[in-house]
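Here are the chains, one letter per residue:
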Amino acid sequence: MAGCSSCSTTAGSGGCQNNGTCGTSDCNKMNSFDWLSHMGIPNVDNFDIVEVKFKGGRKDYFRNVNHLQLTTGDPVVVDVPSGHHIGYVSLQGELVRLQMQKRKIKNDDNITKIYRVASPKDLEKWEEAKNREVPTLYRTKQIIDEIKLEMKLSDIEYQADNSKATFYYSADERVDFRELIKILASEFKIRVEMRQISLRQEAGRLGGVGVCGRELCCSTWIHDFKSVSTSAARYQNLSLNPTKLSGQCGRLKCCLNYELDTYMTALEDIPNIEKPLVTEAGHAKLQKTDIFRKLMWFSYNNENNWHSIDCGRVKEIIEMNKEGEKPFSLEFNDVMDLDEDKSNSNIDLEMLDKKFSKNNKKKKKRKPRPKQSANKPAGAKADTQTSPPNKDNKDKQQSHRKPSNRRKGGEQRKGPSPQKQQPAGDQKNPQTAQGAKPKGNKRRNNRKKGGGRPSNNKGNQQNEQ
């Protein structure tokens, strides 16, 4: 169970024999790493108390009176006040002594004993008892709604001997559940124990994944829940947004306390600004503080321009204001300091000017390109750039166009045209070829040959007679 290092499926080895897929789904809940397992400890001083884990990460301590050879992850049958129960060994040895001291558990006669290692028959009976948990949970919620009790039922745990069931619930106020216990005992024929838990414990039992992408801390390693206040968020310069600061349980996140000590140590060197800093340039108001870089941003008279100075300079200005003195600005105490800073800043520019003024290197001359006329033969003409045709050239080209062969009446011009005549076999332009007739005279020629419009039927009958 401690990281499932011993949960093996090979025969003869210890563990829960599920190779990391325990049926209780509690392999990753409240794991404890035994960092003393590889160290040789005298057998005389072995601690006989064993830490056993149950459903939901709940842990308890039992005494190994029979000196059983136990391995982390072994199912064991333990003694409980009202029968016996089955759990898994989570830790043993000297680390158990340290855990008991941390949780302030006394090593006295109140610690019960371990009976034996669970047999297959014991595990089979326990599985039958666990199969009743989900139906009982749904039925109990229906009963609570019928009775109209202001409580929230989160989980049910059946004992391994199937004689007792523990009901875990959460409520804001005190709840009178005496009538509920009577109904549950008569319906399920079992002894009922009601146990109230906080919202943080409820989230730990149910489990989940936080906004950081990891499993909830309350379900993996946190045992004792400390109170978390909004002052922890103020010290860390976090926005007081309830939706971002609250976890899945609806309370403030436990991780707000993780880095609080580091922030409190860093805040010791940062001065407390109760009023604006007084300078000749105006009153400077604090806008932002970088705790770890020890920088503070101020703005004059609530302007948009922010000026960053370190905490040492802020303390110096506060002391000057207490004595009634005003510095020239947040960065400088006097105008002379400002002029000196400007002169120092211009030294680098002057050095660069001198450096580049002395650098008079001669530029390399480019080799002349060979002339194009040298590559051409002697009789070749020089290339001239053709200019785009302008308006005058366009008019000249239009003046040399061929005149049309037709007049206004569709008559053909007599005589040879001044243009070159096309050969007889050329059929591309039949209008300009010799002997061709214009299109406008085609109808008249057809009438002369007797090929005019066809007459009506009566005219055709007279001609036939």
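Residues numbered from 1 in each chain as written. Predicted model: local features only at pLDDT ≥ 70, side-chain atom pairs only at ≥ 80, totals over all residues. Heavy atoms only, no water.

### Examining the overall build of the chain
Then step 1. Summing up its helical and strand segments, the chain has 14 helices and 12 strands in all.
Then step 2. Residues counted as buried form 32% of the 465 residues belonging to the chain.
Then step 3. Considering only intrachain contacts with a sequence separation of at least 6, the fraction spanning at least 24 residues in the chain is 57%.
Then step 4. A total accessible area of about 33700 Å² is found for the chain, and carbon and sulfur atoms account for 49% of it. (Helix = DSSP H or I, 4+ residues; strand = E, 2+ residues; numbered from the N terminus. Buried < 20%, exposed > 50% of the residue type's maximum accessible area, 1.4 Å probe, protein only. Contact = heavy atoms within 4.5 Å. Areas by Shrake-Rupley, 256 points an atom, 1.4 Å probe, with all protein chains shown as cover.)

### With respect to the sheet that holds strand β8 (residues 191–196)
Then step 1. Ordered by their spatial adjacency, three strands build an open sheet running β6-β7-β8, and the pairing between neighbours is mixed. Edge strands, defined here as strands with exactly one partner in the open sheet, are β6 (152–158) and β8. With strand direction ignored, the average angle separating the axes of adjacent strands in the sheet is 25°.
Then step 2. With six bridges joining them, strand β7 (residues 164–170) and β8 adopt parallel strand pairing. In the sheet register, Tyr169 faces β8, and the bridge partner there is Gln196.
Then step 3. Sheet contacts for helix α5 (residues 199–206): β6 and β7; angle to β6, the most-contacted strand, approximately 50°. (Pairing = 2+ DSSP bridges. Axes fitted to C-alpha atoms, helices over the stretch in contact; angles between N-to-C directions.)

### Thoughts on the nonpolar core
Then step 1. Among the nonpolar cores identified, the biggest contains 20 residues, and Met151, Leu153, Ile156, Phe167, Tyr169, Leu180 and Met194 are the most heavily contacted of them.
Then step 2. Counting only elements with at least two residues in this core, the list comes to α3 (133–147), β6, β7 and α4 (178–188).
Then step 3. Here Phe167 is in contact with Thr136, Thr140, Leu153, Asp155, Ile156, Leu184, Val192, Glu193, Met194 and Arg195, once residues within four sequence places are set aside.
Then step 4. Judged by nonpolar contacts, the second largest core, of 16 residues, contains Ile270, Leu277, Phe298 and Ile318. (Core = buried A, V, L, I, M, F, W, Y, C linked by side-chain atoms within 4.5 Å.)

### Describing the packing of α3 against α4
Then step 1. One way to put it is that α3 packs onto α4 with a least axis distance of 11 Å and a crossing angle of 140°. The orientation of α3 relative to α4 falls into the category oblique. Classified by chirality, the crossing of α4 by α3 is right-handed. Across from Thr136, Arg139, Thr140, Ile143, Ile144 and Ile147 in α3, the residues of α4 making contact are Glu179, Leu180, Ile183, Leu184, Glu187 and Phe188.
Then step 2. Looking at side-chain class alone, the contact of α3 with α4 contains seven nonpolar, two polar and three charged residues. (Parallel < 35°, antiparallel > 145°, perpendicular 65-115°, else oblique. Left-handed = near helix turned anticlockwise from the far one by under 90°. Nonpolar A, V, L, I, M, F, W, Y, C, P; charged D, E, K, R; others polar.)

### So, the sheet that holds strand β11 (residues 295–300)
Then step 1. The strand order β9-β10-β11-β12 describes an open sheet built from four strands, whose pairing is antiparallel. Each having just a single partner strand, β9 (277–279) and β12 (307–310) make up the two edges of the open sheet. Direction aside, the axes of adjacent strands within the sheet are offset by 40° on average.
Then step 2. Where β11 meets β12, four bridges bridge the pair, whose relative direction is antiparallel. Among the inter-strand pairings, Leu295 is bridged to a residue of β12, identified as Asp310.
Then step 3. Its contacts with the sheet place helix α9 (residues 311–322) against β9, β11 and β12, and it is angled at close to 90° to β12.

### Details of the confidence of the model for the chain
Then step 1. Averaged over every residue, the pLDDT of the chain is 76; residues scoring 70 or more account for 66%.
Then step 2. Across residues 1–6, confidence stays below pLDDT 50; counting only partners more than four residues off in sequence or on other chains, it has 22 contacts.
Then step 3. Confidence drops under a pLDDT of 50 for residues 8–13, and excluding neighbours within four residues, the segment shows eight contacts in the predicted structure. (pLDDT = per-residue confidence, 0-100.)

### Points about the state of the cysteines
Then step 1. Counted under the stated rule, the structure contains zero disulfides.
Then step 2. Lacking any disulfide linkage, Cys254 is separated from the closest cysteine sulfur, that of Cys249, by 6.4 Å.
Then step 3. The thiol sulfur of Cys255 is not disulfide-bonded, and the nearest other cysteine sulfur, from Cys217, lies at 6.8 Å.
Then step 4. The class for Cys255 is partly exposed, based on a relative accessible area of 38%. (Disulfide = S-S within 2.5 Å.)

### Concerning the pattern of salt bridges
Then step 1. What the rule picks out here adds up to 17 salt bridges.
Then step 2. For Asp269, the salt bridge goes to Lys294, with nearest N and O atoms at 3.8 Å. Highlighted residues: Asp269 in the loop between α8 (260–266) and β9 and Lys294 in the loop between β10 (282–290) and β11, separated in sequence by 25 residues.
Then step 3. Residues Asp290 and Arg293 are paired through a salt bridge, measuring 3.7 Å at the closest nitrogen-oxygen approach.
Then step 4. Given a relative accessible area of 19%, Asp290 falls into the buried group.
Then step 5. When its relative accessible area of 55% is taken as the criterion, Arg293 is described as exposed.
Then step 6. If you follow the salt bridges from partner to partner, you end up with Lys55, Glu133, Asp155 and Arg205 in one network. (Salt bridge = Lys/Arg side-chain N within 4 Å of Asp/Glu carboxyl O.)

### Some remarks on the environment of Ile143
Then step 1. Here Ile143 shows up in helix α3.
Then step 2. C-alpha of Ile143 to C-alpha of Leu184: the two residues are 41 residues apart in sequence and 8.6 Å apart in space.
Then step 3. Contacts of Ile143, omitting those with residues within four sequence positions, involve Leu180, Ile183, Leu184 and Glu187.

### Some thoughts on the pairing of strand β4 (residues 83–92)
Then step 1. Among the 10 residues that make up β4, seven are buried, leaving the element largely enclosed by the rest of the structure.
Then step 2. Strand direction decides the pairing type here: strand β1 (residues 49–53) and β4, joined by four bridges, are antiparallel. When the bridges of β4 are listed, Glu51 appears paired with Leu91.
Then step 3. Both strand β3 (residues 75–80) and β4 contribute to a ladder of six bridges, which runs antiparallel. Each residue of the ladder has a partner; that of Pro75, found in β4, is Tyr88.
Then step 4. The loop that links β3 with its antiparallel partner β4 comprises two residues.

### A word on helix α1 (residues 94–103)
Then step 1. When α1 is considered as a whole, its buried residues turn out to be Glu94, Leu95, Val96 and Met100.
Then step 2. If you follow the buried residues of α1, they end up packed against β1, β2 (59–63) and β4.
Then step 3. Just beyond α1, the residue with positive phi is Lys104, at close to 60°.

### Here's the deal with the environment of Asp79
Then step 1. Here Asp79 shows up in strand β3.
Then step 2. When the C-alpha positions of Asp79 and Tyr115 are compared, they lie 6.9 Å apart, and in sequence the two are 36 residues distant.
Then step 3. Excluding residues that lie within four positions of it along the chain, Asp79 makes contacts with Phe62, Thr112, Lys113 and Tyr115.
Then step 4. A distance of 3.2 Å separates polar atoms of two side chains, one belonging to Asp79 and the other to Tyr115. (Polar contact = N/O pair within 3.5 Å; in protein donor to acceptor, adjacent residues only side chain to side chain.)

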